[in-house]
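Topology and contacts: notes
For reference, the chains in residue letters:
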Amino acid sequence: MNKGKYYITTAIAYTSGKPHIGNSYEIVLADAIARFKRKDGYDVFFQTGTDEHGQKIELKAQEAGITPKEFVDNVAGEIKGICDCLNCSYDKFIRTTDKDHEIQIQKIFKKMYDKGDIYKGSYEGLYCTPCESFWTESQLVDGKCPDCGREVKPAKEEAYFFKMSKYADRLIEHINTHPEFIQPVSRKNEMMNNFLLPGLQDLCVSRSSFKWGIPVSFDEKHVVYVWLDALSNYITGIGYDADGNSSEQYKKYWPADLHLIGKDIIRFHTIYWPIFLMSLGEPLPKQVFGHPWLLAGDGKMSKSKGNVLYADDLAKFFGVDAVRYFMIHEMPYDNDGAVSWDLMTERINSDLANVLGNLVNRTISMSNKYFGGIVENKGVKEAVDDDLIDIATDTYKRVAEKMSDLHVADAITEIFTLFKRCNKYIDETEPWVLAKDESKKDRLSTVLYNLTESISIGASLLWPYLPETAEKIAKQLNTELREFDTLDKFGLYPSGNKVTETPEILFARLDIKDVYAEAERISKIQKAEAGVAEEKPEEEGIELSIRDEITYDDFAKLQFAVGEIIKCEEVPKSKKLLCSQVKIGNTVRQIVSGIKQHYTAEEMVGKKVMVLVNLKPATLAGVVSEGMLLCAEDPDGKLALVVPEKDFPSGSEIC
């Protein structure tokens, strides 16, 4: 069944350095969508790649003592290597240093100039080198770049400008008439209210103060603005030609069905990019989805802290599919997710080892024990079978509904709902009891057939997300992964088939001590690379380790108050987390804390505690946390809540 074309892209990764796991999340998410669409009957083209020009690259290459091309070749190789390590099925990996891309960028710039959309002038403003962006004083946040929060410096240079206001009204109309264009809706509101409706300023689209970029063909002391260069990869990569000789591939796949990008670059993709396309006379992409961030659970990633998580490191230790599962499952639709060694271990042990791995192993082992591996449907049906069969045959529909609006984490949860139902079915039917009664032999055979068939359906749906695991399951069941249009039918597993004699352990349970040892090993390597001396423990006493000094203004941003815990519960399946409802004045905040090993939920209720109240909400183990409880920690790692000396009412400000 051919449902038509589907063109999906990621943002191309900037080659300033090796991407951490938060950057790698996007490629795995895109791969899951692309694989699902292929399996669902679409003709898919999936493009990713690297963004390789700009002043930041030029400076980093100078620091490294190599040419910019040598620098980006090295980093692009690392980025592509991580994509391949994560088993991503991209159809094209584009680099903006590809010659055919560079030629088209020069043509695109000239076409816009000839049309009168680009003109020459000069620019004086505040420039952020990491973001390659000019800003006015009014656009800064606390005197710093509004995008990345870094320092900006005054800059003045001759430049070419794009007349953004020429197309602003047309873009506003398009957004208003195509509500699906920018997702989630919160991103659309941000773009409309903060940028489009107040009015667009003309955009600087060339630079003359550095050389590492694509030269403007008719004025070679200028190089093309890195974002005009980078964004255009979505069309140059599939054969767009500014002279009107675009390839058949371009005519087939453009406009893109989905640009999958990080929420931090939504402005470039939903304002600059559509306007560039309007100037070229090309259709706009159907949808731009600004996904949230996957953040380190213990603060900002830094090599000097030794806490940077790289996808390839995690894949070597946990396995590729375990990392893919965590990234896909733990990221909410429109809120940031958290990643840490602890959280990954929890999820692997609970979902992958207990729910899935144990299910497959038990089913195959029982088939071998009771029937020599032969799985046969004897048709001895009982009422308890109906719910399992209904869930199994309805799972594709529920997964497809979630995928249609990019609720990918919810889609994989639906598949695991089927696996959990299979485990419940084992408890309900008790095969080990049936095996003791010779008259129940045909019923036992039917039960094991129902399980095998349900697992086969689940594995087929699991393939887009965990491809290696799905294929291993099918191999152990001695069958093939099925096409999606057959998954609403129950009973297609060949009756009389024989499963493998020795089932492979799909996911072994992890010992947290082994995980911590690996984390410590990697941390030491990172600190050594960053030139940080290894800390030596003191023989006695407690020495306070002073982190980076902050100013009084920095401290003044933190807001502390007295809170009263009115309710507390354990976070399901978490060894460390408690979820407290904390009354702070007239409001109640939900706060998740890693103190389960030091306090019971019952002990927490009624305590007056000190709370950091203006901490940005985060999601821990699937639960939203809206603040932080302050604790003291002794040298042995024991925690104690910090409490007010006197009985102050909740909501009292701590100053």
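Definitions and limits used
Residues numbered from 1 in each chain as written. Predicted model: local features only at pLDDT ≥ 70, side-chain atom pairs only at ≥ 80, totals over all residues. Heavy atoms only, no water. Pairing = 2+ DSSP bridges. Helix = DSSP H or I, 4+ residues; strand = E, 2+ residues; numbered from the N terminus. Contact = heavy atoms within 4.5 Å. Axes fitted to C-alpha atoms, helices over the stretch in contact; angles between N-to-C directions. pLDDT = per-residue confidence, 0-100. Core = buried A, V, L, I, M, F, W, Y, C linked by side-chain atoms within 4.5 Å. Buried < 20%, exposed > 50% of the residue type's maximum accessible area, 1.4 Å probe, protein only. Salt bridge = Lys/Arg side-chain N within 4 Å of Asp/Glu carboxyl O. 1 Å grid on protein atoms, 1.4 Å probe; cavity = no way out; pocket = protein on both sides within 12 Å on 5 of 7 lines; lining within 4 Å. Points joined across faces, edges and corners; volume = space filled by probe spheres on them. Nonpolar A, V, L, I, M, F, W, Y, C, P; charged D, E, K, R; others polar. Phe/Tyr/Trp six-rings, centres within 6.5 Å; stacked < 30°, edge-to-face > 60°. Lys NZ or Arg CZ within 6 Å of the ring centre and 35° of its normal.

What about the sheet that holds strand E9 (residues 203-204)?
An order of E6-E5-E7-E9 is seen for the 4 strands of this open sheet, with the pairing classed as antiparallel. Every other strand in the sheet has two partners, leaving strand E6 (133-135) and E9 as the edge strands with one partner each. Alignment of strand E5 (residues 118-128) against strand E7 (residues 153-162), held across 10 bridges, turns out to be antiparallel. Along E7, the bridge assignment pairs Gly 125 with Ala 155. Contacts between helix H10 (residues 266-280) and the sheet are confined to E6, E7 and E9, with E7 contributing the most and set at about 30 degrees to the helix.

Considering the confidence of the model for the chain
In the predicted model, the chain carries a mean pLDDT of 91, and 95% of its residues have values of at least 70. Overall, residues 537-548 carries pLDDT values under 50, and its contacts beyond four positions in sequence, including any with other chains, amount to 2 contacts.

Observations regarding the nonpolar core
Note that soluble globular proteins tend to have their nonpolar side chains buried in a common cluster. Counting residues in hydrophobic clusters, the biggest one holds 115 residues, and the most contacted among them are Ile 33 and Tyr 465. Counting residues per element, this core draws most heavily on helix H13 (residues 341-371), at 12 residues. Setting aside its immediate chain neighbours within four residues, Tyr 465 contacts Ala 32, Phe 36, Arg 324, Ile 328, Val 399, Met 403, Val 408, Ala 411, Ile 412 and Ile 415. Counting 55 residues, the second largest nonpolar core, distinct from the first, contains Phe 45, Ile 238, Ile 266 and Trp 273.

Observations regarding the pattern of salt bridges
A complete count under the given rule lists 45 salt bridges for this structure. The salt bridge partner of Asp 342 is Lys 576, with a shortest N-O separation of 2.7 Å. Of this pair, Asp 342 sits in helix H13 while Lys 576 sits in the loop between strand E19 (560-570) and strand E20 (578-584); the two residues are 234 residues apart in sequence, bridging distant segments of the chain. Its salt-bridge partner being Arg 443, residue Glu 382 comes within 3.6 Å of it at the nearest N-O pair. Taken together, the residues Glu 382 in the loop between strand E17 (374-375) and helix H14 (384-404) and Arg 443 in helix H17 (residues 441-462) connect sequence positions 61 residues apart. Taking the relative accessible area as the measure of exposure, Glu 382 reaches 38% and is therefore partly exposed. What emerges from the salt-bridge pattern is a single network uniting Glu 52, Lys 69, Asp 73 and Arg 95.

As for the layout of surface pockets
Taken as a whole, the second largest pocket spans an internal volume of roughly 430 Å³. Along its surface, the second largest pocket is lined by 26 residues, and Gln 139, Gln 201, Leu 203, Arg 267 and Tyr 272 are the ones closest to its centre. Going through the elements one at a time, E5, E6, helix H6 (185-196), E9, strand E10 (206-207) and H10 are the ones with two or more residues in the lining of the second largest pocket. With 4 residues, H10 is the single largest residue contributor to the lining of the second largest pocket. The residue makeup of the lining of the second largest pocket, split by class, is 14 nonpolar, 8 polar and 4 charged.

Side note on the sheet that holds strand E11 (residues 215-216)
Here 3 strands make up an open sheet; going across it, the order is E10-E12-E11 and the pairing antiparallel. In this open sheet, the two strands that pair with only one neighbour each are E10 and E11. As judged from the 2 bridges shared by E11 and strand E12 (residues 219-224), these two strands associate in the antiparallel manner. Residue pairing across strands places Val 216 opposite Asp 219, the latter belonging to E12.

Here we look at the packing of aromatic side chains
The description of two aromatic rings rests on the distance between their centres and on the angle between their planes. Counted under the stated rule, the structure contains 29 aromatic pairs. With a centroid separation of 4.0 Å and an interplanar angle of 5 degrees, the aromatic rings of Trp 227 and Phe 268 are classed as stacked. You can see Trp 227 sitting in helix H7 (residues 226-231) and its partner Phe 268 sitting in helix H10, a full 41 residues away along the chain. An angle of 45 degrees between the planes, with centres 4.9 Å apart, marks the rings of Tyr 325 and Phe 416 as tilted. Separated by 91 residues along the polypeptide, Tyr 325 in helix H12 (residues 320-330) and Phe 416 in helix H15 (residues 408-429) bring together distant segments of the chain. Phe 416 shares its class with Tyr 325; the two are buried. These aromatic residues form a ring-pair network of at least three members: Tyr 7, Phe 45, Tyr 234, Tyr 240, Tyr 250, Tyr 253, Trp 254 and Trp 273. Its end group placed over the ring of Trp 463, Lys 39 keeps NZ or CZ at 5.5 Å from the ring centre. One residue, Lys 263, lies across the ring of Trp 293, its end atom 4.6 Å from the ring centre.

So, the pairing of strand E1 (residues 5-10)
Counting buried residues along E1, 5 of its 6 residues qualify, which places the element largely inside the surrounding structure. Sheet analysis places E1 next to strand E3 (residues 43-51), joined by 5 bridges and oriented parallel. The residue bridging Ile 8 from the neighbouring strand is Phe 46, located in E3. Of the strand pairs in this sheet, E1 and strand E13 (residues 258-262) are connected by 3 bridges, and their pairing is parallel. Bridging across to E13, Thr 9 finds its partner in His 259.

Focus: the environment of Phe 268
By relative accessible area, Phe 268 is classed as buried at 3%. Ignoring sequence-local partners within four residues, the contact set of Phe 268 consists of Ser 133, Asp 147, Tyr 225, Trp 227, Leu 231 and Trp 273.

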